[in-house]
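# Architecture and fold: a report
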Amino acid sequence: PSDRFVADFIGVMNFVPGRADGNGVQATNGTKITGKVPATLSLGASAVAAVRPERIRLFPSPDTANRVAGRLPPAIGSSSAGTPPMSEFSQIDGD
């Protein structure tokens, strides 16, 4: 998506703030999220990685790109849309 509004408008999306680097976003907690970076975004500029919830996998293989450790609470509720963003109930280690 061209911007955060469009990304959020087209469906549930998780946003991870950080800084742009050569091939993704370095999240504020130090986690590296690889992906496309717009050519107009300068290295080190404030950036946000957008992650679709259906692309998130629990217990991915060790060689999976963008693998992070995190925690989920014992009970997970649902939103009116049926699928809450991971950011509503998860925490990436280091946060």
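Up top is the structure these notes are about.
Described in the following lines is the structure provided in the data block.

Definitions and limits used
Residues numbered from 1 in each chain as written. Predicted model: local features only at pLDDT ≥ 70, side-chain atom pairs only at ≥ 80, totals over all residues. Heavy atoms only, no water. Pairing = 2+ DSSP bridges. Helix = DSSP H or I, 4+ residues; strand = E, 2+ residues; numbered from the N terminus. Salt bridge = Lys/Arg side-chain N within 4 Å of Asp/Glu carboxyl O. Buried < 20%, exposed > 50% of the residue type's maximum accessible area, 1.4 Å probe, protein only. Axes fitted to C-alpha atoms, helices over the stretch in contact; angles between N-to-C directions.

### Points about the pairing of strand β2 (residues 24–27)
Pairing of strand β1 (residues 14–21) with β2, which is carried by four bridges, proceeds in the antiparallel orientation. By the bridge assignment, Gly 18 is partnered in β2 with Ala 27. Hairpin connection between β1 and β2: a loop of two residues separates the two successive antiparallel strands. Across three bridges, the pairing between β2 and strand β3 (residues 32–34) is antiparallel. Within β3, the position partnered with Val 25 by the bridge is Ile 33. Hairpin remark: β2 followed by β3, antiparallel, with four residues in the connecting loop; positive phi at Gly 30, about 100 degrees.

### Here we look at the pattern of salt bridges
Evaluation of the coordinates by the stated rule reveals two salt bridges. Two residues, Arg 52 and Glu 54, come together in a salt bridge whose shortest N-O distance is 2.7 Å. Note on Arg 52: relative accessible area 26%, which makes it partly exposed.

### A word on the sheet that holds β1
Strand order in the open sheet made by the four strands is β3-β2-β1-β4, with antiparallel pairing throughout. The sheet is open, and its two borders are formed by β3 and β4 (46–51), each paired with just one other strand. Adjacent strand axes in the sheet meet at a mean angle of 45 degrees, parallel and antiparallel pairs treated alike. Strand direction decides the pairing type here: β1 and β4, joined by six bridges, are antiparallel. Looking at β4, one finds that Val 16 is bridged to Ala 49.

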